[in-house]
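# Descriptive analysis of the structure
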Amino acid sequence: MPLQQAAPILGRLVVVGLGLIGGSFAKGLRGKGLFREVIGVDLDPESRRLAVELGVVDRCETELAAACQGADVIQLAVPILAMEKLLAQLAGLELGNAVLTDVGSAKGNVVRAAQQSFGGMPARFVPGHPIAGSEQSGVEAAKSNLFQRHKVILTPLASTDADALALVDRLWRELGADVEHMEVGHHDAVLAATSHLPHLLAFTLVDSLAKRNENLEIFRYAAGGFRDFTRIAGSDPVMWHDIFLANREAVLRTLDDFRGDLDALRAAVDAGDGHQLLGVFTRARVAREHFSKILARRAYVDAMNSNNDLIFLANPGGQLSGRIRVPGDKSISHRSIMLGSLAEGTTEVEGFLEGEDALATLQAFRDMGVVIEGPHHGRVTIHGVGLHGLKPPPGPLYLGNSGTSMRLLSGLLAAQPFDTVLTGDASLSKRPMNRVAKPLRAMGAVIETGPEGRPPLTIRGGQRLTGMHYEMPMASAQVKSCLLLAGLYAGGETAVTEPAPTRDHTERMLRGFGYPVSVEGATARVESGHKLSATHIEVPADISSAAFFLVAASIAEGSELVLEHVGINPTRIGVIEILRLMGGDISLENQREVGGEPVADIRVRSARLKGIDIPESLVPLAIDEFPVLFVAAACAEGRTVLRGAEELRVKESDRIQVMADGLQALGVKAEPTPDGIIIEGGPIGGGEVHSHGDHRIAMSFSVASLRASAPIRIHDCANVATSFPNFLGLAAQAGIRVNEEGKS
Ligand code: S3P
C-alpha cells in the first residue's frame, strides 16, 4: 500500500553520494513525503548546490557526523571503491538506531568492508543493489522514477534485523521497484555473469580491434551487429574499473567458464565442426528468445510463478464462417522430436505445433545435446543422434505444463547411461507419475518421485532394463508410449495391453521411422535391437484444437465452417462421433493419408443438439475434448450424462470439477459425479469463471460465449499458449468474440 504523502512517518533520510543513483533515490523519496527531511552529503560542492537547487534534497551537510545524527535511514551511494573508507568513517560515529543500506553493484566486498570496520556486520545494515542506470550521470540526471519497474536486489544476511530489512524493502517499493532478496554470493555470481562479463567483453573487443587499427579505419565498415554488441563499451570506465576490482572472484570464475566455451568454439571452427557450431548457435538463439520473453513477461515460467492473471473476455453471440487451419497436433509434435532425436540421420518436420508443451520437449532434447533447427513456421530440422547418442543434460529438464513430455521422456530416460531430473510447473507438479514409475521399476528402472508419486522425477541412469508384458490398469496413451519407448532399450520384448483403445501415434510413428512394432488386438509390442532411420513428418492439424471450433460452429446458429487438414486418426475422433450422436452436422471431406496418419477437411454446420448418454467406449477417444463437449451439452436440449471418465480428474486440472464450477457460475445445471458429470441443457448466462491454468477449460468457456446472454470473464488463461498459441487470432477470424481483457 502506498504510504500517505500528507503524514511523514519517518524523520531523517541521509543520502551519502549525490550521483545519479543516490540523487534519484533521494529525489523519489522526497517526492513521496515519507521523511520529514532528506539530507544530502557529497564531497563535491557543485553537486551539493545542484541537489538543493533541483529539489533532490531539502539541504546538504558537509560533515558526515552532523548529517547522520538522529538519522532514521542512511543510504550509501558512493562509488564502490570509496565504500570501504566511508564505512570506516561511519563506524566511528554514533548512529543510534539508524538503518544503513547501500547501492553498490557488488555485495561481497561491501559486506566484508562493513564487517571489518564495525567488527562484524551491523544488524541494521541492509546491503542492496538497484539494477538501474542510464548513460547520463551526476545529480543533474537524477529522476524520481529511475527505479520504476526496475529490479532492486537486497542481500540480507542471516543476522540482518527483520524490521530494517522490511523498511528498506518498502522504501524501494515506494519508488516503484521490483524488490528481490538474494544471498550475497549468489548476487555477485549472477551479476558477474549477466552484467560484468558482457561489459568486459565489449570493452575488450573494441579495444582489441582499435589497437590493431590505429587509425580506427575498420570501424567504417562496422554495421549494426558491432554497434549493438559494443554499445556498453561506452559506459563509464572509472565505474567499471571499480566494479571489476570489487567483484574480482566472481568475475574470474565466470570469465574462466566463458574462456572454456570460447576455446571449444575455436576448436570447432578449426576442425570445421559445423555440427558443434550449429548446436551452440541454435541453443543460444532459443535462450535469447526465452530471455526476450522474460523481459516482456511472456515466458510461461513467469506466467506460472507470478500472479499475472491473463483474462479472456468473451462477448456474447456470434456466428462462425470461413475456412481455418488450427495448429499442428500436439501428440504428434512431441513424438516427432523424440523419435527424430533418437533416429540416425536428419528428420524434417512440417506443421510442428509451436506451443509451449511441444517446445518443452524440443528444449529437453536440445539440453541433451541434440541439434535441432527451428521451429520456423512449423518447420523443424532434427539432427538425430541415434538411440545411444543422447548426452547428460546440464541440469534438471523443465517440462512446463506438459504431462506428455514428462511421461514419455521418463520411459526413454530410464534406459540412458546418465541420471536425469524432470520437473514441471505448478499444475504438472500435482499430476500422478506412479502410473509410469511403477511399471518402469518393474522393468528394472530406478526412479524416485516426489511425495505421493508426484514430480519431480529423479531417474537413475545406467540400469539394464528388461522387457515385460504390462496390462495397463487405465486407458492411457502416455503410459503405453512411455513403456514402448523404454522397450526400445529393454532386453527382449516389451508388450503393453490397453483396456480400451487409446491414441496410437507412437506405434504409427515408430513404424514411420522404420522400427518394427506389432499390434494384435489391444496389445502393442516392440523388441530392442533395431534402429530408427530419419524420415519426413508432416504433422496434421490437431483435432483437439479443432474440437473448440466443431462445438462452436455447432452451437452458434447460422454457422458453417471448414477446418482444414485435420488429423482424423480413428483413436482421436470421439469428439466427432459424440457430436454426431447429439445431432451435430459434421462431414469429412477430401480424406487422405499423410505420413501414416489419416487427415480430412471437416465441414461443420450449426445444428440443434440434444442431450445423450455418452457411450463409455468413446471416452478414451475424446479424452481431451470433454471440456468443450460439456459446453455442447449445456447448449443441447435435455440431459447429457458422462460416466467412466475419472481420468478427467487428473488432467491439467480436475476437469470435471472445474467445468462444473464454471458452468454453474454461468447458471447451467451441472452436477459432477466421481467419474463424470450430468448436465442439463438450458440458457447460459454471463459471469466469472476460472480456468485454473488449464488451457482447454479457458478455450471451452470462450466457446460458451456464443450462446451466453452476457460477457464471460475467464481467469488464468496464459496456458492457452501450451497447445494453441494463436487461439485468439483464429477465434476472431472464425467469428468468436473473445479477446484478452484490456486489448481489443
Ligand atoms: C496424450 C495422451 C492423453 C491425452 C494427452 C496427450 C499423448 O493422456 O490426454 O493430452 O500424447 O499420449 P493420457 O495418456 O493420460 O490419457
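Residues numbered from 1 in each chain as written. Predicted model: local features only at pLDDT ≥ 70, side-chain atom pairs only at ≥ 80, totals over all residues. Heavy atoms only, no water.

## With respect to the overall build of the protein
A tally of regular secondary structure across the protein gives 24 helices and 32 strands. The burial tally for the protein puts 53% of its 744 residues in the buried class. Accessible surface for the protein amounts to roughly 31,200 Å². Of this, 51% is attributable to carbon and sulfur atoms. Within the protein, one finds 72 positive and 87 negative side-chain charges whose respective centroids are separated by 2 Å. (Helix = DSSP H or I, 4+ residues; strand = E, 2+ residues; numbered from the N terminus. Buried < 20%, exposed > 50% of the residue type's maximum accessible area, 1.4 Å probe, protein only. Areas by Shrake-Rupley, 256 points an atom, 1.4 Å probe, with all protein chains shown as cover. Lys, Arg positive; Asp, Glu negative; His and termini not counted. Charge placed at Lys NZ, Arg CZ, Asp CG, Glu CD.)

## Structural notes on the UniProt feature "binding site: 3-phosphoshikimate" (unreviewed entry) in the protein
Feature annotation in UniProt assigns "binding site: 3-phosphoshikimate" (unreviewed entry) to the following positions: Lys330, Ser331, Arg335, Ser476, Gln478, Asp624 and Lys651. Relative to the elements of secondary structure, Ser331 occurs in helix H13 (residues 330-342). Its relative accessible area of 7% is what places Ser331 among the buried residues. Setting aside residues up to four positions removed in sequence, Ser331 forms contacts with Arg503, His505 and Arg572. With respect to the secondary-structure elements, Arg335 resides in helix H13. Ignoring sequence-local partners within four residues, the contact set of Arg335 consists of Gly340, Thr404, Leu408, Ala477, Ser481, His505, Thr506 and Met509. (UniProt positions renumbered as here; feature names shortened; annotations may be inferred. Contact = heavy atoms within 4.5 Å.)

## A short note on the sheet that holds strand E3 (residues 59-61)
In spatial order, the strands read E3-E2-E1-E4-E5-E6; together these 6 strands make up an open sheet with parallel pairing. The open sheet is flanked by E3 and strand E6 (125-126), the only strands paired with a single partner. Note: strand E5 (residues 99-102) against E6, 2 bridges, orientation parallel. Residue pairing across strands places Leu100 opposite Phe125, the latter belonging to E6. Running over the sheet, helix H6 (residues 162-174) touches strand E1 (10-16), strand E2 (35-41), strand E4 (73-76), E5 and E6 and is turned about 50 degrees from E5. (Pairing = 2+ DSSP bridges. Axes fitted to C-alpha atoms, helices over the stretch in contact; angles between N-to-C directions.)

## Examining the pattern of salt bridges
Enumeration according to the criterion identifies 45 salt bridges in this entry. Ionic pairing is found between Arg124 and Asp161, a salt bridge with its closest N-O pair at 3.6 Å. Here Arg124, found in the loop between helix H5 (108-118) and E6, pairs with Asp161, found in the loop between strand E8 (151-154) and H6; they are 37 residues apart in sequence, far enough to count as distant. As a salt-bridge pair, Lys330 and Asp357 come within 3.4 Å of each other at their nearest N and O atoms. Of the two residues, Lys330 is situated in helix H13 and Asp357 in helix H14 (residues 356-367); the sequence distance between them amounts to 27 residues. Residue classification places Lys330 among the buried residues on the basis of a relative accessible area of 8%. Exposure remark for Asp357: the relative accessible area of 2% places this residue in the buried category. Residues joined by salt bridges that share partners form a network here, namely Arg431, Arg503, Asp624, Glu652, Arg655 and Asp694. (Salt bridge = Lys/Arg side-chain N within 4 Å of Asp/Glu carboxyl O.)

## Quick look at the sheet that holds strand E12 (residues 344-350)
In spatial order, the strands read E13-E14-E12-E23; together these 4 strands make up an open sheet with mixed pairing. Strands at the two margins of the open sheet, each flanked by one partner only, are strand E13 (371-376) and strand E23 (536-538). Neighbour-to-neighbour, the strand axes of the sheet open up by a mean angle of 15 degrees, direction not taken into account. Sheet analysis places E12 next to E23, joined by 3 bridges and oriented parallel. The residue bridging Glu348 from the neighbouring strand is His536, located in E23.

## Overview of the site of the ligand
By nearness alone, every residue bordering the ligand is listed as Ser331, Arg335, Thr404, Arg407, Ser476, Ala477, Gln478, Arg503, Ile623, Asp624 and Lys651. The side chain of Ser331 places a nitrogen or oxygen atom 2.7 Å from an oxygen atom of the ligand. Between Ser476 and the ligand, the recorded distance is 2.6 Å, taken from a side-chain N or O atom to an oxygen atom. Mapped by element, the contributors of at least two residues to the shell around the ligand are H13, helix H15 (403-413) and helix H17 (477-487). Tallied by class, the residues present in the shell around the ligand amount to 2 nonpolar, 4 polar and 5 charged. No fewer than three residues from each of domain 3 (312-323 + 540-740) and domain 4 (330-538) sit in the shell around the ligand. (Near = heavy atom within 4 Å. Polar contact = N/O pair within 3.5 Å; in protein donor to acceptor, adjacent residues only side chain to side chain. Nonpolar A, V, L, I, M, F, W, Y, C, P; charged D, E, K, R; others polar. Domains from an automatic or database assignment.)

## Some remarks on the environment of Ala556
Relative to the assigned elements, Ala556 resides in the loop between helix H19 (543-555) and strand E24 (560-567). The exposure class of Ala556 is buried, given its relative accessible area of 1%. Residues Ala556 and Val326 lie 230 residues apart in sequence; the distance between their C-alpha atoms is 19 Å. Contact partners of Ala556, with chain neighbours within four places excluded, come to Gly318, Gln319, Leu320, Ser606 and Leu706.

## Section: the UniProt feature "binding site: phosphoenolpyruvate" (unreviewed entry) in the protein
Mapped onto this structure's residue numbering, the UniProt feature "binding site: phosphoenolpyruvate" (unreviewed entry) falls at Lys330, Gly403, Arg431, Gln478, Arg655 and Arg696. By the secondary structure assignment, Arg655 is in helix H22 (residues 655-665). Discounting chain neighbours no more than four positions away, the residues touching Arg655 are Asp624, Pro627, Phe630, Leu648, Arg649, Asp694, His695, Arg696 and Ile697. Residues in contact with Arg696, not counting those within four places in the same chain, are Lys330, Ser544, Phe548, Asp624, Pro627, Arg655 and Ser723.

## A few points about the nonpolar core
Buried together is how nonpolar side chains tend to be arranged in soluble globular proteins. Counting 83 residues, the largest nonpolar core has Leu320, Phe549, Leu563, Leu579, Phe626 and Val703 as its most contacted members. Leu390, Leu440, Leu483 and Val539 belong to the second-largest nonpolar core, a separate cluster that totals 65 residues. (Core = buried A, V, L, I, M, F, W, Y, C linked by side-chain atoms within 4.5 Å.)

## Some words on the packing of helix H20 (residues 574-581) against helix H21 (residues 626-635)
Across the interface, H20 lies against H21 with an axial gap of 11 Å and an inter-helix angle of 10 degrees. When the interaxial angle is binned, H20 and H21 end up roughly parallel. Each of Val575, Ile578 and Leu579 in H20 lies in contact with H21, whose residues at this interface are Phe626, Leu629 and Ala632. (Parallel < 35°, antiparallel > 145°, perpendicular 65-115°, else oblique.)

## Structural notes on a negative patch on the surface
There is a patch of like negative charges on the surface, built from Asp256, Asp257, Asp261 and Asp263. Inspection of the secondary structure puts Asp263 in helix H10 (residues 248-271). (Patch = residues over 30% accessible without salt bridge, like charges linked within 9 Å, V, L, I, M, F, W, Y side chains within 5 Å.)

## Let's talk about unusual backbone geometry
In terms of backbone geometry, most residues other than glycine have negative phi values and most peptide bonds are trans. With an omega of 0 degrees, the peptide bond running from Gly374 to Pro375 counts as cis. Here Pro375 lies in strand E13. Within the chain, His565 stands out as a residue other than glycine whose phi angle is a positive 55 degrees. Within the secondary structure, His565 sits in strand E24. Not every positive phi belongs to a glycine, and Asn590 is a case in point at roughly 55 degrees. Position of Asn590 relative to the elements: it lies in strand E25 (residues 585-594).

## Quick notes on the packing of H21 against H22
Axes are the key here: two packed helices are described by the angle between their axes and the distance separating the axes. Closest axis-to-axis distance for the H21/H22 pair is 10 Å, and the angle between their directions is 35 degrees. Read as a crossing pair, H21 and H22 show a hand that is right-handed. Between H21, through Pro627, Phe630, Val631 and Ala634, and H22, the contact on the second element is made entirely by Arg655, Met659 and Leu663. A per-class count over the contact of H21 with H22 returns 6 nonpolar, no polar and 1 charged. (Left-handed = near helix turned anticlockwise from the far one by under 90°.)

## As for the environment of Ser341
Here Ser341 lies in helix H13. Residue Ser341 is classed as buried on the basis of its relative accessible area of 0%. Taking the C-alpha atoms as reference points, Ser341 and Leu387, separated by 46 residues in sequence, lie 8.2 Å from one another. Of note is the side chain of Ser341, whose polar atom sits 2.7 Å from the backbone oxygen of Ile337.

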